[in-house]
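Next come the chains, spelled out residue by residue.
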Amino acid sequence: MNEEKDMAEARAILAGYRASIDNIDAALIHMLAERFRCTKAVGVLKAEHGLPPADPSREQQQIARLRQLAKDANLDPDFAEKFLNFVVREVIRHHEQIAADNGVMKTG
Ligand SMILES: C=C(O[C@@H]1C=C(C(=O)O)C=C[C@H]1O)C(=O)O
């Protein structure tokens, strides 16, 4: 009887956490969509002005900044760096595609 009650309570707590996880995942998707909307505009600007798709020195600054933010937030900084690199790789792929569509040579 108690076991059943414990299990029902655990399921209710789990459902509460999952509702928050679903909200957070939705926020992440919206934030990523907004970031890519912005980086695609950067890709067009770069293609129009013959700037290279990638900017490694800017990326180094972002990595240092995000690693510190992650540490302060008690998030694994290695994970934060891997996540940023994953996103930036996709951004650079978009920039290369935009440049190619506009007849600009791949330079970086
Ligand atoms: C968006 C840019 O292009 C690339 C993508 C970056 C990013 O997604 O944050 C950062 C540097 C560049 O390699 C940029 O140069 O700012």
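Small disclaimer: the values here were computed from a predicted structure and weren't measured.

K.L.:
Looking at this model, I keep getting lost on the packing of helix α1 (residues 2–49) against helix α3 (residues 77–101). Mind explaining?
P.N.:
When two helices pack together, their arrangement is given by the angle between the helix axes and by the axis-to-axis distance. One can describe the packing of α1 onto α3 by two numbers: an axis separation of 9 Å at closest approach and a directional angle of 40°. Between α1 and α3, the angle falls in the class oblique. As α1 runs across α3, the sense of the crossing is right-handed. Residues Leu32, Arg35, Phe36, Thr39, Lys40, Val42, Gly43, Val44, Lys46 and Ala47 of α1 form the contact with α3, whose participating residues are Phe83, Leu84, Val87, Glu90, Val91, His94, His95, Ile98 and Ala99. Counted by class, the contact of α1 with α3 contains 11 nonpolar, four polar and four charged residues.

K.L.:
Got a minute to help me understand the site of the ligand in this structure?
P.N.:
With respect to spatial proximity, 13 residues lie near the ligand, and among them Arg35, Lys46, Asp55, Glu59 and Gln62 are the closest. Interatomic distance of 2.8 Å between a side-chain N/O atom of Arg35 and an oxygen atom of the ligand. Backbone polar atom of Asp55 to an oxygen atom of the ligand: 2.8 Å apart, as the coordinates give it. Within the complex, 90% of the 360 Å² of free accessible area of the ligand lies under protein. At the level of secondary structure, the elements contributing two or more residues to the shell around the ligand comprise α1, α2 (56–72) and α3. The greatest single-element share of the shell around the ligand, amounting to four residues, is contributed by α3.

K.L.:
So what exactly am I meant to see when it comes to the nonpolar core here?
P.N.:
Side chains of a nonpolar character, in soluble globular proteins, are inclined to be buried together. Among the nonpolar cores identified, the biggest contains five residues, and these are Ala54, Ile63, Leu84, Val88 and Ile92. When residues in this core are grouped by element, the largest group, three residues, is from α3. Once residues within four sequence positions are removed from consideration, Leu84 is found in contact with Arg35, Gln62, Ile63 and Leu66.

K.L.:
For this particular structure, what's the right way to read α3?
P.N.:
It helps to recall that an α-helix has 3.6 residues per turn; residues three or four apart then point in one direction. For α3, built from 25 residues, the straight-helix expectation of 36 Å at 1.5 Å per residue is met to within 8% by its first-to-last C-alpha distance of 36 Å. Looking at the buried positions of α3, the neighbouring elements they touch are α1 and α2. For α3, the N-terminal capping position is held by Asp76, with its side-chain oxygen 2.9 Å away from the main-chain nitrogen of Asp78. Taken from the residues just after α3, Gly103 is the one with a positive phi, measuring 70°.

K.L.:
I would appreciate a short explanation of unusual backbone geometry in the present structure.
P.N.:
What is expected of a backbone is that most residues other than glycine have negative phi and most peptide bonds are trans. A positive phi angle is found at Asn74, which is not glycine, with a value near 65°. Overall, Asn74 belongs to the exposed group, its relative accessible area being 74%.

K.L.:
I'm lost on the UniProt feature "domain: Chorismate mutase" (unreviewed entry) in the protein in this one. Help?
P.N.:
Annotation from UniProt places "domain: Chorismate mutase" (unreviewed entry) at residues 8–99. Across residues 8–99 one finds 89% helix and 0% strand; the C-alpha atoms that close the span lie 56 Å apart.

Quick notes on the rules
- Residues numbered from 1 in each chain as written.
- Predicted model: local features only at pLDDT ≥ 70, side-chain atom pairs only at ≥ 80, totals over all residues.
- Heavy atoms only, no water.
- Axes fitted to C-alpha atoms, helices over the stretch in contact; angles between N-to-C directions.
- Helix = DSSP H or I, 4+ residues; strand = E, 2+ residues; numbered from the N terminus.
- Parallel < 35°, antiparallel > 145°, perpendicular 65-115°, else oblique.
- Left-handed = near helix turned anticlockwise from the far one by under 90°.
- Contact = heavy atoms within 4.5 Å.
- Nonpolar A, V, L, I, M, F, W, Y, C, P; charged D, E, K, R; others polar.
- Near = heavy atom within 4 Å.
- Polar contact = N/O pair within 3.5 Å; in protein donor to acceptor, adjacent residues only side chain to side chain.
- Areas by Shrake-Rupley, 256 points an atom, 1.4 Å probe, with all protein chains shown as cover.
- Core = buried A, V, L, I, M, F, W, Y, C linked by side-chain atoms within 4.5 Å.
- Buried < 20%, exposed > 50% of the residue type's maximum accessible area, 1.4 Å probe, protein only.
- Expected span 1.5 Å × (residues − 1).
- UniProt positions renumbered as here; feature names shortened; annotations may be inferred.

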